[in-house]
Amino acid sequence: MAADVEATRDVIDIITGGWRAQALYTAVRLGIPDHVEAGCDTPAQLARATGADEGGVRRLMRLLTAMGVFEGEGASGYRGTRVSRALLDGPHSLRDMCLLHGEDYYTAWGHAHHAISTASSGFEAAFGRPFYDHLGRDPVAARRFQNTLNAGNMFFPQVPDVFDFSGRTVVDVGGGGGDLLAVILGAAPKAEGVYFDRDHMLPAAREHLEAAVGPDRVRLVGGDMFEGVPQGGDAYILCRMLARWDDDAVAALFEGCRGAMADADSRLLVLDRFVEDEDPTVLPSLWDLHLLMTTGGAHRTLAGLTALLERAGLRVERVADLPMETTAVIAAPRTPEPAGEG
Ligand SMILES: Nc1ncnc2c1ncn2[C@@H]1O[C@H](CSCC[C@H]([NH3+])C(=O)O)[C@@H](O)[C@H]1O
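Treat the numbers as computed from the prediction; the structure is a model and nothing was measured.

Scoring rules and cut-offs
- Note that residues are indexed from 1 along each chain, following the sequence as it is written.
- Reporting in this predicted model follows two pLDDT cut-offs: at least 70 for local features of residues, and 80 or more for side-chain atom pairs to be given and counted; totals over whole chains, interfaces and linings ignore these cut-offs and use all residues.
- Computation of side-chain values: all heavy atoms of the structure, hydrogens and water removed.
- Runs of H or I in DSSP of at least four residues are treated as helices and runs of E of at least two as strands, each being numbered from the N terminus.
- Each residue's exposure class comes from its accessible area (1.4 Å probe, protein chains only) as a fraction of the maximum for that residue type: buried when under 20%, exposed when over 50%, partly exposed otherwise.
- Throughout, a contact is declared for two residues whenever any of their heavy atoms are within 4.5 Å.
- All accessible-area figures derive from a Shrake-Rupley calculation using a 1.4 Å probe, and residue coverage is judged against the displayed protein chains alone.
- The charge count includes Lys and Arg as positive and Asp and Glu as negative, but it does not include His or the ends of the chains.
- By convention, charge coordinates are those of NZ in Lys, CZ in Arg, CG in Asp, or CD in Glu.
- Here, a strand pair is defined by DSSP locating no fewer than two bridges between the strands.
- Axis angles are defined between N-to-C directions and span 0 to 180 degrees, where every axis is a line fitted to C-alpha atoms and, for a helix, only to the segment in contact.
- Convention used here: angles under 35 degrees read as roughly parallel, angles over 145 as roughly antiparallel, angles from 65 to 115 as roughly perpendicular, and any remaining angle as oblique.
- Should the near helix be turned anticlockwise from the far one by less than a right angle, the crossing is left-handed, and should it be turned clockwise, the crossing is right-handed.
- Side-chain classes follow a simple rule in which Ala, Val, Leu, Ile, Met, Phe, Trp, Tyr, Cys and Pro form the nonpolar group, Asp, Glu, Lys and Arg form the charged group, and the remainder, Gly included, forms the polar group.

Novice: Could you clarify how one ought to interpret the overall build of the protein chain in this entry?
Specialist: Helices and strands together make up the secondary structure of the protein chain, namely 17 helices and nine strands. Seen through its C-alpha atoms, the protein chain measures out along the principal axes to roughly 80 × 60 × 35 Å. Looking at the protein chain as a whole, 43% of its 342 residues qualify as buried. For the protein chain, the share of sequence-separated contacts (at least 6 apart) that also reach a separation of at least 24 residues comes to 63%. About 17800 Å² of surface is accessible on the protein chain, with carbon and sulfur atoms providing 53% of the total. Side chains of the protein chain give 31 positive and 49 negative charges; the mean places of these two sets differ by 5 Å.

Novice: Would you take a moment to explain the sheet that holds strand S3 (residues 169–173) for this structure?
Specialist: The strands that make up a sheet pair up through hydrogen bonds in the backbone, lying either parallel or antiparallel. Reading across the sheet, the seven strands line up as S5-S4-S3-S6-S7-S9-S8 and stay open at both edges, with mixed pairing between neighbours. Two strands close off the open sheet at either side, each with one partner strand: strand S5 (218–222) and strand S8 (314–322). Direction aside, neighbouring strands of the sheet carry axes that sit 20° apart on average. In terms of strand pairing, S3 meets strand S4 (residues 192–197) through five bridges, oriented parallel. Looking at the pairing, Val 173 lines up with Phe 196 of S4. Sheet strands touched by helix H15 (residues 247–260): S3, strand S6 (235–239), strand S7 (267–272), S8 and strand S9 (326–333). Its angle to S6, the strand with the most contacts, is close to 160°. In the packing of helix H17 (residues 302–311) onto the sheet, contacts are made with S7, S8 and S9, and the angle to S8 comes to roughly 145°.

Novice: Is there a simple way to explain the packing of helix H2 (residues 17–29) against helix H5 (residues 54–66) in this structure?
Specialist: Helix packing geometry: the angle between the two helix axes and the distance between the axes. Where H2 contacts H5, the axes come no closer than 10 Å and their chain directions differ by 120°. When the axes of H2 and H5 are compared, the pair comes out oblique. Of the two possible hands of crossing, H2 and H5 adopt the one that is left-handed. Where H2 approaches H5, its residues Ala 23, Leu 24, Thr 26 and Ala 27 are matched on the opposing element by Leu 60, Leu 63 and Leu 64. For the contact of H2 with H5, the per-class residue count stands at six nonpolar, one polar and no charged.

Here is the structure:
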């Protein structure tokens with residue numbers, strides 16, 4: 001039987017994905033996007049600027065040019081592209097994301113066989129401790145992780161398009177860097193915010209929120225969401241909060257939010273990625289396995305999430321798409337059945 005050339009090509013394209021990632025990581029680690037942007041654009045100049053071998057740099061740049069990360073060629077000089085500019089050092093850069101993926105995450109994925117076979121964290125197999133412990137001990141990794149999360153914030157500006165926050169008291173449970181609340185309050189001037197997260201997250205979030213929306217519109221509360229969330233809000237948000245926790249914990253968290261709601265017009269917004277078993281798409285399926293590699297967590301299906309909301313006395317009112325294959329699920333408290341029915 002003759003070899004299937006197309007299938008061979010497909011297999012090679014898939015298995016060399018890790019090589020491409022490592023090539024891009026190396027360029028970022030050497031600061032090459034910044035050097036090229038500053039006009040340092042031949043292999044000799046780049047070698048001088050980075051301290052790397054000139055031949056190595058030339059070969060790396062050949063691949064990255066073929067991949068569309070840079071343009072031009074060694075003799076006349078390389079030029080940056082939209083992709084390399086997204087990696088320049090500075091605010092909103094994807095640089096830290098590339099470094100985290102190229103180092104810690106790459107090592108964790110090196111244990112994919114173990115992680116998938118045992119449904120346990122690849123990171124823990126590789127490093128001998130849970131992912132979040134590692135972040136607690138390593139400030140560089142923690143900063144890279146926060147910037148990687150921030151890089152995924154590009155769906156935040158669309159959140160006020162799928163839900164009208166005006167006049168509401170918005171409680172962001174696990175508010176992280178405070179960016180989402182800042183975007184929402186910026187879009188809905190009559191809304192007020194309550195930022196809720198672990199105590200150690202408050203100082204940075206306070207600084208960010210006070211600069212973005214002023215000191216009067218946000219209250220910051222520290223605590224453990226499983227022990228209770230701030231009472232009396234009429235829009236509760238759980239953004240990228242669920243993947244780490246099992247079904248019982250998530251149902252209890254939903255129940256806590258429902259119990260804290262001001263009234264029947266209050267809503268819970270779950271903003272997350274969901275996987276689907278039918279016609280799956282690549283990105284959510286990849287993120288799902290990536291959660292297994294890092295924390296041992298998983299993404300849910302929309303049906304799975306709906307069942308957990310029901311369990312907690314909530315019903316899905318509406319589902320809206322957000323950019324980057326993220327979904328907003330808007331849930332309302334189930335009103336008690338009228339007496340004499342059901
Ligand atoms: N038990 C807990 N109680 C309150 N916050 C928590 C708890 N466990 C984790 N967190 C916070 O949950 C957040 C998860 S990361 C998601 C942050 C944010 N919602 C965003 O989408 O950008 C981190 O800020 C954690 O500090």
